[in-house]
Amino acid sequence: KACASAFSLPCVGAAQISRAARPAATVRQQKRRRGRMAELASKMDKMDTDARVPVTVLIGYLGAGKTTLLNRILTEKQDTKYAVIVNEFGELGIDDRLVRRRVNAEEDIFEMNNGCICCTVRADLSRILNKLLQPGMKPLDGVIVETTGLADPAPVAQTFFVDEVLKERARLDALVTVVDAKHALTRLGEIKPEGVENEAVEQVAFADRILVNKCDLVDEEQLQRVEAKLRSLNKLAPLVRCTKGAGFALDFVLGVKAFSLAKVLDMEPDFLDEDGEHQHDSSITSVGLKASKPLDMVSINGWLTELLASKGVDIFRMKGILHIQGQERKFVFQGVHMLFSGEPLEEWGVDEVRESRLVFIGRNLKFEELDAGLKDCLA
């Protein structure tokens with residue numbers, strides 16, 4: 001069975017890393033280290049054999065289809081021992097529960113609800129990986145990291161080169177960016193406040209592989225416009241079209257040895273500087289809801305439909321696992337703006353707590369209003 005250790009690292013609110021002006025001696029040390037790292041990177045890129053554990057990082061904006069791709073990998077690679085680290089934006093973890101059902105590894109699944117993988121919990125990412133890969137632990141064929149949709153990939157990639165112990169144990173195999181063909185042009189063209197980066201653009205620019213997902217939702221003309229925009233941001237990364245994370249061989253994204261530190265340093269010499277500034281868009285927030293009592297299916301469907309009709313523009317992502325009255329199976333729903341779908345999952349476990357968990361991510365979200373709407377759906 002595939003081994004999946006899912007660490008859920010929800011991102012909370014606006015996160016910023018800033019540093020005071022550095023002394024001249026520190027700047028000189030940084031330059032010398034960059035020089036050594038560039039030399040090391042060149043040597044690593046030329047290595048024919050590498051015993052380090054490969055790490056694949058799945059990136060992509062909210063609702064692009066990262067978890068669907070991850071589930072496909074775990075389903076089709078049953079004989080491969082993977083550890084999985086899941087990062088979410090919000091207080092409640094949903095994606096890690098959708099991953100658990102694909103593997104028989106309950107004892108290896110952990111949750112860490114304390115920040116964003118690209119800034120506030122980068123140290124935790126190093127700690128988790130070093131623990132998984134330390135001598136004496138079960139051997140792994142690879143590690144898959146699924147980032148939050150709002151993560152900047154550069155600091156995540158940087159982690160594998162600034163940690164002296166980790167870089168001897170793991171190698172970054174590829175940054176795989178999943179793109180939502182339906183909403184890509186809107187996200188890539190969004191104007192952010194001064195000093196705030198457009199994460200969707202960064203995710204494409206740093207990609208080693210690009211998957212244009214949800215191609216069934218748009219016509220050929222829009223697909224060509226999306227691909228032209230992607231190529232304007234990243235001319236080198238191989239690109240394929242797909243639907244629901246399928247339609248291509250997994251060896252397109254796994255074990256490809258595509259990430260080149262030497263190439264990144266050539267394009268961005270300050271890539272390894274740890275004292276840079278990183279800021280998320282503080283207008284984007286997350287609301288997590290729970291309900292211990294069962295929900296009425298007609299009421300919850302009506303509420304979510306009305307919610308998307310009135311606030312769909314501001315709801316970037318919504319997802320949840322629901323406890324529906326009279327049903328022995330869990331029900332999962334997912335939505336991106338005005339698109340909404342749901343399906344039944346496996347039955348609730350005998351000792352499993354039956355509760356509904358919902359997460360909404362977007363702008364102008366009010367907990368009190370959403371919580372009241374959910375309560376009106378109780379059976």
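Check the entry above for the structure.
Here goes a summary of the coordinates provided. (Residues numbered from 1 in each chain as written. Predicted model: local features only at pLDDT ≥ 70, side-chain atom pairs only at ≥ 80, totals over all residues. Heavy atoms only, no water.)

**Thoughts on the pairing of strand S3 (residues 53-59)**
Threshold: Buried, partly exposed and exposed residues are distinguished by accessible area as a fraction of the type maximum, computed with a 1.4 Å probe on protein chains only: under 20%, between the cut-offs, and over 50%, respectively. For helices the rule is a DSSP run of H or I covering at least 4 residues; for strands it is a run of E covering at least 2, with both sets numbered from the N terminus onward. Here, any two strands with at least 2 DSSP bridges between them count as paired.
Burial runs high along S3: seven of the seven residues are buried. What you see with S3 is no split at all: Val53, Val55, Val57 and Ile59 on one side and Pro54, Thr56 and Leu58 on the other are buried throughout. Inspection of the sheet shows S3 paired to strand S7 (residues 170-180) by seven bridges, in the parallel sense. Paired with Val53 across the strands is Ala170, a residue of S7. Direction of pairing for S3 relative to strand S6 (residues 142-146): parallel, over a ladder of four bridges. Counterpart to Leu58 in the pairing with S6 is Glu146.

**Digging into the pattern of salt bridges**
Spelled out, the test is: The term salt bridge refers to a side-chain nitrogen of Lys or Arg lying within 4 Å of a carboxyl oxygen of Asp or Glu.
Counting across every chain of the model gives 14 salt bridges. As a salt-bridge pair, Glu190 and Arg187 come within 3.3 Å of each other at their nearest N and O atoms. No difference in accessibility class separates Glu190 from Arg187, as the two residues are buried. With a closest N to O distance of 2.8 Å, Arg363 and Glu190 form a salt bridge.

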